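Take a look at the letters that make up each chain.
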Amino acid sequence: MAILKSPFAHLDLERFPVQQNSPLQAFNAADEYLLQRLHELRLPKGSHVLVLNDSFGALALSLCQQYRVSSCSDSFLAQQGLTNNAHSNQLTKALEEIKRASRTCELEGSFDAVLIQIPKTLALLQDQLAGLQKLLNADTLVLAGAMIKHLPRAAGELLEQYIGPVQASLAQKKARLLQAQVAGLAEQPFPVSSTYAVPEFDLKLVNHPGIYSQDKLDVGTRLLLQHVPAGLGDQRVADLGCGNGVLALACAQLNPQAQLVLVDESHAAVRSARDNWQAAFGQRDVEIFAGDGLRTLPPASLDLVLCNPPFHQQQAMNDFLALRMFRQAHRTLKPGGELLVVGNRHLGYHAKLRRWFGKVEQLAAHPKFVVLRAVKTEKTGQTPAEKS
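First, a word on what this report is: a plain description of the structure on this page. (Residues numbered from 1 in each chain as written. Predicted model: local features only at pLDDT ≥ 70, side-chain atom pairs only at ≥ 80, totals over all residues. Heavy atoms only, no water.)

### Digging into helix α3 (residues 76-88)
Taking 1.5 Å of rise per residue, 13 residues should cover 18 Å, and α3 covers 18 Å from first to last C-alpha, within 8% of that figure. Among the residues making up α3, those that are buried are Leu77, Ala78, Gln79, Gly81, Leu82, Thr83, Asn85 and Ala86. Backbone nitrogen of Leu77 and a side-chain oxygen of the N-cap are separated by 3.4 Å at the start of α3; the cap is Ser75. (Helix = DSSP H or I, 4+ residues; strand = E, 2+ residues; numbered from the N terminus. Expected span 1.5 Å × (residues − 1). Buried < 20%, exposed > 50% of the residue type's maximum accessible area, 1.4 Å probe, protein only. Polar contact = N/O pair within 3.5 Å; in protein donor to acceptor, adjacent residues only side chain to side chain.)

### Some points on the sheet that holds strand β18 (residues 333-344)
In space, the 7 strands of this open sheet follow the order β14-β13-β12-β15-β18-β20-β19, with mixed pairing throughout. Both edges of this open sheet fall to β14 (287-290) and β19 (359-365), since each of them pairs with a single strand only. For this sheet, the mean inter-axis angle between neighbouring strands, taken without regard to orientation, is 15°. Alignment of strand β12 (residues 236-240) against strand β13 (residues 259-264), held across 5 bridges, turns out to be parallel. Looking across to β13, one finds that Leu240 is bridged to Val263. The strands that helix α9 (residues 267-281) touches are β13 and β14; relative to β14, the one it contacts most, it runs at about 160°. (Pairing = 2+ DSSP bridges. Axes fitted to C-alpha atoms, helices over the stretch in contact; angles between N-to-C directions. Contact = heavy atoms within 4.5 Å.)

### Some points on the pairing of strand β7 (residues 141-147)
For β7, a buried count of 7 out of 7 residues is recorded, marking the element as mostly surrounded by other parts of the structure. Regarding the hand of the β-α-β motif, the stretch spanning strand β6 (residues 113-117), helix α5 (residues 122-132) and β7 is right-handed. By the bridge criterion, 7 bridges tie β7 to strand β9 (residues 175-181) in an arrangement that is antiparallel. Directly across from Leu143, in β9, lies its bridge partner Gln179. (Right-handed = clockwise from strand over helix to strand, strands pointing away.)

Pasting the structure below:
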């Protein structure tokens, strides 16, 4: 754990999922700068504060003992981090008072202050700002922060478009703040969801703001689509990290009796997958949910897992989440069940999958990507250190 010290609280915080001996913190200098600036502005105790894109509860938990706090995040894992860190810092009762949502348009009322961690995807920021407009009054304090290397000029332009004039702070510990003045602008539109076609499966997919590869089918997924099997009968198949659901949709087309489970940690991805499933299959039974991968599924309950795993969490790039997804797939697959995965060549998934799967083979190669099949055999299993 790392200690976040601010004028409001000292908190011992961890990222979620917990990664042993990780150098990554559950907060950054932009969180510290936002809290410092809010303290300098002397917002009265009891004020209503909205936190957007919190890093595992760093902002909400710092403020919850002095203010009425609402927290909005597209990330299920960040929300779970908020819960876990509340418990570990003896803030369980305060946690019950924090109102949570996955989109700003789900919130009601007005706020005295809004603290924004600029997200990686500007389309997500635009969607959040569009929903935020009705929650502001003339005196609302709006502060946005980010590490300078992750702060594009377009973020300030969006704040000006949706809220009002923006003033940038000086840099502090490689972080910068943008303070927007509420100008009573005419209400601006929500960003339009993008669409693209996958003609080989006769699909036209909707992609809500904030999902991965929003404007086109990414190369890795297209490669994996060529290896989605037919002839599965009524087998149970999971699309792990489903995004807009394209892998599951293709599998469902090829296997009319198959039972599909779609899961992603992004609420925007889950909304996209639900809309696309409804458009393609109407009332056909399916499970689609936002969650921590396959963690809630029973052991040995799946026959096939399809996966194009992420190689980053928020701004941090690593393969920790992908390896965790592989462990989850192994636990939930039946003996003889298969994981089909696509990944960048340089990540070396072929060797890493052998930690859990008895048979691993390459199905396809691309200059940048490979498609692998991993089969769960009776002799494979996790070591104690890999069960977390």
